[in-house]
Amino acid sequence: MKIMTCPLNGPRPVSEFFYWGEVRPMPDPDTCTDAEWADYVFNRNGAPGVKREWWCHTPSNTWFIAERDTEKDVVLKTYFYQGDA
Amino acid sequence: MPWRLLRFALNRKHPEPRMFTHHDKLKSSYDVVIIGAGGHGLAAAYYLAAEHGVKNVCVLEKGYIGGGNTGRNTTIIRSNYLTPEGVKFYDESVNLWQDLSRDFDLNLFYANRGHFTLAHTDAAVRTMRWRAEVNKHYGVDSEVVGPEAVKEAAPMIDLSCAGHAPILGALYHAPGSVARHDAVAWGYGRGADQRGVEIHQQTEVLGIDVQGGKVKGVNTSRGYISTNKVLCAVAGSTPRILKMVDVRTPIYIHPLQAMVSEPVKPWLDPILVSGSLHVYISQSARGELVMGASLDPYELHATRSTLDFVEGLTSHMLDMFPFLSNVKVMRQWAGMADMTPDFAPIMGKTPVEGFYLDSGWGTWGFKATPVCGKTMAHTLVNDTPHPLITGFSLDRFSHYALTGEKGAASVGH
């Protein structure tokens, strides 16, 4: 992956982008247990696969979602967050 | 010696295995199955056989011996860490390293060079002082030195680093060393092999049989093995194995790249590290400059290398050593680093009975090879974590009791 497609700016060099990890639903801190919260804070799905991830195009500060195969280093899709994380 | 050679001359078949015995078949059961024939896995096998008399052990390796991060690191050995847990643990490792060549009867090219961690900012000097005090408290040779000491040890350095990152001082760690990394895996492998451990290369683990929360066996590409104890020592492949036993951990994988230059005459004796410039450099016994930088910026389960890395690293390298501008880069490669949030490893027992982890070794695992083998062998035999690794248990995260070692990572990641 050397080029990434920003939903706002189109294809750009990957060095312009910032990676912010997999999209993960946050449990409600007021109602979840300590164990659930620790799981959310620390644990990750580290196995390879196609993942939905947060990325940011830094020059334009554009946050979006990328679907990426973390074994092949191929971006399948990029799109704006639709409130369905 | 000549008589021994004669035996080879007169034999039609090679009279003895060069390093390892080849086993045609897996046995149906073993007392311990170790996944991963890198330095850590083989060291654990070695100490199980040598110190605990547990010899019905097999080591499974998907590729070849030492082909993972054992053969991909930049071979630096040091113990100037930040937390008491880390300093005690790595110091024991350095002590073990010093006798390994003799134990194995194999030259590991262990070379004591001295290790400078350069500080370019007041904040970095402060962290160096902190580390030096913790180190000294636990008897580790470590001190803060001024720029002149750096210049004396490495006269070719530009102390101003091209004017934008002047060196204010350094943490000097006299025991800092380098060693030939693949020989470490071979030495442990041969020692284990001679004591009855079976090493099976080209054998992939496809699944782990867990029944009622206990390990019962391992499914491999060459058949099923029954066992009650499995040690997972697979670095960047750890999350794949964890998925098989359904254990959740904070481990995530980023590639770490490194490169070597063409061989040049010896000019650099010590190991130099700059956290701010994201550079570490030493000169190997062959004259190559061995260089590394920080982690790749995003998760990836592959060992591809990039031009970005070479451009970034060389530009910082030239800030420190402008005269290297004519030296060519010979090759580059990457390893998959199993990172943790606190930059400390995850070792010991897991929620699955009989499944043990030696993982989370990220970018700092090579130097710990001997002590990991020793402490994991102890943990497997006694089913309780060795006292040196209690600070590295998996359950520290559920208690929010992290072992913050990031300040001692070689470069800021």
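Residues numbered from 1 in each chain as written. Chains lettered and ligands numbered in written order. Predicted model: local features only at pLDDT ≥ 70, side-chain atom pairs only at ≥ 80, totals over all residues. Heavy atoms only, no water.

1. Here's the deal with a nonpolar patch on the surface
Here comes step 1: Residues Phe18(A), Trp20(A) and Trp63(A) make up a contiguous nonpolar surface patch of roughly 360 Å² in combined accessible area.
Here comes step 2: On the basis of relative accessible area, Trp63(A) is assigned to the partly exposed category, the value being 35%. (Patch = residues over 30% accessible without salt bridge, like charges linked within 9 Å, V, L, I, M, F, W, Y side chains within 5 Å. Areas by Shrake-Rupley, 256 points an atom, 1.4 Å probe, with all protein chains shown as cover. Salt bridge = Lys/Arg side-chain N within 4 Å of Asp/Glu carboxyl O. Buried < 20%, exposed > 50% of the residue type's maximum accessible area, 1.4 Å probe, protein only.)

2. Looking at the pairing of strand S6 (residues 74–79) of chain A
Residues and elements named next belong to chain A.
Here comes step 1: Sheet analysis places strand S5 (residues 62–69) next to S6, joined by five bridges and oriented antiparallel. What sits directly across from Asp 69, in S6, is Val 74.
Here comes step 2: Between the antiparallel neighbours S5 and S6 lie four residues, among them Asp 73 with a positive phi of about 60°. (Pairing = 2+ DSSP bridges. Helix = DSSP H or I, 4+ residues; strand = E, 2+ residues; numbered from the N terminus.)

3. Observations regarding the interface of chain B and chain A
Here comes step 1: Facing 22 residues of chain B, the contacting portion of chain A comprises 22 residues.
Here comes step 2: Across the interface of chain B and chain A, roughly 1800 Å² is buried in total on both sides, 55% from carbon and sulfur atoms.
Here comes step 3: For the pair chain B and chain A, the interface holds four salt bridges.
Here comes step 4: Viewed at the interface, chain A and chain B are joined by 10 residue pairs in polar contact (both at pLDDT 80 or more).
Here comes step 5: Of all the elements in the fold, those that place two or more residues in the side of chain B that touches chain A are helix H7 (238–245) and strand S14 (252–261) of chain B.
Here comes step 6: In terms of residue count, the dominant contributor to the side of chain B that touches chain A is H7(B) (three residues).
Here comes step 7: Class assignment for the residues of the side of chain B that touches chain A results in 12 nonpolar, four polar and six charged. (Contact = heavy atoms within 4.5 Å. Buried area = accessible area lost by both parts, 1.4 Å probe. Polar contact = N/O pair within 3.5 Å; in protein donor to acceptor, adjacent residues only side chain to side chain. Nonpolar A, V, L, I, M, F, W, Y, C, P; charged D, E, K, R; others polar.)

4. A word on the confidence of the model for chain B
Here comes step 1: The pLDDT averaged across chain B works out to 94; a share of 98% of its residues lies at or above 70.
Here comes step 2: Of the two predicted TM-score estimates for the complex, the pTM is 0.94 and the ipTM is 0.94. (pLDDT = per-residue confidence, 0-100.)

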